[in-house]
Amino acid sequence: MKKIFLIICLIIFHVHQARSVDDSLFVHHPSDLFLMEDCDACGCAAGNGSSGFESLLNPQFVGIKYFAQHYKAKENLFVNDLTLDQYFNTIQLWGKIPLTKKVSVYASVPFHFHEKKTLQGDVKMQGIGDVNLMGIYRLINSKDNIHQLNGGVGVKIPLGKFDEKGVSGVNPSFQLGTGSWDYQMALNYKFQKDKIAVLLNTDYTMKTENKKHYRFGNQWNYSATGFYRIAGTEKFILSGKAGLQGEVYDANQQFSEILPNTSGSALYGKLGFEMSYRKISLGSEMMLPAYSNLAGGDIEARSRFSVFVNFGI
């Protein structure tokens, strides 16, 4: 409870695309605020912890993002302490392009470089991860733009390497990819009035069995985020956000047999800022766990951090 209270009470910042100043916190394009989940359990591309639902600020943009995660793991079966660190790092290229007034396409290409401590020494891996593609459709947009509902469906293309030996460890998600074609569905609701907005998001990822007969558990993510525009001029805008984000992971399977200590859930508080000048946006976000129960308690979420730069095109 202390962590939740601390997170809610902190002052946070999050900025949006430059535009003429009016009573709205957000940009003109009605689909700009569709929030996209980029990650999937316990750290990497295979079962990635989420970076949060980043706001895709420009109706048409390309950008680069860095996302870091820290976990504690119980690698020694003879002790109860979660003493060994696991670090998951990702540099991601992403973009969003509108096809029509209501339809847009989102894509991301990640590059992972991960490290974990073990009793036998440090283990490192790096390489390209699984590519994400999603189509986004604006389902509802009120005439006054106060209410908006967006839906999306997508696919994750298995370009990341899957190491069959890696699934035998405490964290089977220490991978570059799932090795499987996985499918996503998402919904995003926005309420916006004057300088304040509230975003509610949920998405579900269905994972399939890969060629090694291993299947990572399906994943459900949800979040609630409040936004407030702090300052703005014709060329520059500064805004802030604070919220909560939850993740629920089903158990993994191998040869259709459910594997113990592979399911779990976590709840995070998140704080962020973003500043934009003309078509360039710079933002950062910190996430701290309010609750963590991963891999039967053998893994504990510690922190997440992200920073990104987007360029309108």
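Residues numbered from 1 in each chain as written. Predicted model: local features only at pLDDT ≥ 70, side-chain atom pairs only at ≥ 80, totals over all residues. Heavy atoms only, no water.

### Side note on the overall build of the protein chain
Consideration 1: For the protein chain, the count of helices and strands is one helix and 18 strands.
Consideration 2: For the protein chain, the residues scored as buried account for 52% of the 313 residues in total.
Consideration 3: Looking at the protein chain as shown, the accessible area adds up to about 14,000 Å², and 63% of this sits on carbon and sulfur atoms. (Helix = DSSP H or I, 4+ residues; strand = E, 2+ residues; numbered from the N terminus. Buried < 20%, exposed > 50% of the residue type's maximum accessible area, 1.4 Å probe, protein only. Areas by Shrake-Rupley, 256 points an atom, 1.4 Å probe, with all protein chains shown as cover.)

### Focus: the packing of aromatic side chains
Consideration 1: All chains considered together, the criterion is met by 10 aromatic pairs.
Consideration 2: Centre to centre, the rings of tryptophan 94 and tyrosine 106 are 6.4 Å apart; their planes meet at 75 degrees, and the pair counts as edge-to-face. Placement of the pair is tryptophan 94 in strand E4 (residues 84-98) and tyrosine 106 in strand E5 (residues 103-118), with a sequence separation of 12 residues. Like tyrosine 106, tryptophan 94 is buried.
Consideration 3: Ring pairs connect the aromatic residues Phe61, Trp94, Tyr106 and Phe308, which therefore count as one cluster.
Consideration 4: Residue placement shows lysine 65 over the ring face of phenylalanine 67; its charged tip is 5.6 Å from the ring centre. (Phe/Tyr/Trp six-rings, centres within 6.5 Å; stacked < 30°, edge-to-face > 60°. Lys NZ or Arg CZ within 6 Å of the ring centre and 35° of its normal.)

### Let's talk about unusual backbone geometry
Consideration 1: A positive phi angle, near 50 degrees, is found at phenylalanine 255, a position not held by glycine.
Consideration 2: Relative to the elements of secondary structure, phenylalanine 255 occurs in the loop between strand E14 (253-254) and strand E15 (257-258).
Consideration 3: Phi angles above zero are rare outside glycine, and serine 256 is one such case at about 65 degrees.

### Examining the pairing of strand E9 (residues 182-193)
Consideration 1: Only one face of E9 is covered, namely the one carrying Asp182, Gln184, Ala186, Asn188, Lys190 and Gln192; the face carrying Tyr183, Met185, Leu187, Tyr189, Phe191 and Lys193 has none of its residues buried.
Consideration 2: Here 10 bridges tie strand E8 (residues 147-157) to E9, and the two strands are oriented antiparallel to one another. Along E9, the bridge assignment pairs histidine 147 with phenylalanine 191.
Consideration 3: In this sheet, strand E10 (residues 196-206) lies alongside E9 in antiparallel orientation, the contact comprising 11 bridges. (Pairing = 2+ DSSP bridges.)

### Here we look at the environment of isoleucine 91
Consideration 1: Assignment of secondary structure puts isoleucine 91 in strand E4.
Consideration 2: In contact with isoleucine 91, not counting residues within four places along its chain, are Ile64, Lys65, Tyr66, Val109, Pro110, Phe111 and Phe113. (Contact = heavy atoms within 4.5 Å.)

### Quick look at the pairing of strand E17 (residues 280-294)
Consideration 1: Two elements, strand E16 (residues 264-277) and E17, share 14 bridges in a ladder whose sense is antiparallel. Across the sheet, alanine 266 pairs through a bridge with serine 292, a residue of E17.
Consideration 2: Here E17 pairs with strand E18 (residues 299-312) via nine bridges, running antiparallel. The residue bridging glycine 283 from the neighbouring strand is phenylalanine 308, located in E18.

### What about the pattern of salt bridges?
Consideration 1: The tally for this structure, following the rule as stated, stands at eight salt bridges.
Consideration 2: The salt bridge partner of aspartate 85 is lysine 72, with a shortest N-O separation of 2.9 Å. Of this pair, aspartate 85 sits in strand E4 while lysine 72 is found in strand E3 (residues 61-73), placing the two residues 13 residues apart along the sequence.
Consideration 3: Judged by its relative accessible area of 15%, aspartate 85 falls in the buried class.
Consideration 4: Relative accessible area serves as the criterion here: at 16%, lysine 72 is assigned to the buried category. (Salt bridge = Lys/Arg side-chain N within 4 Å of Asp/Glu carboxyl O.)

In short, geometric facts, not functional conclusions.
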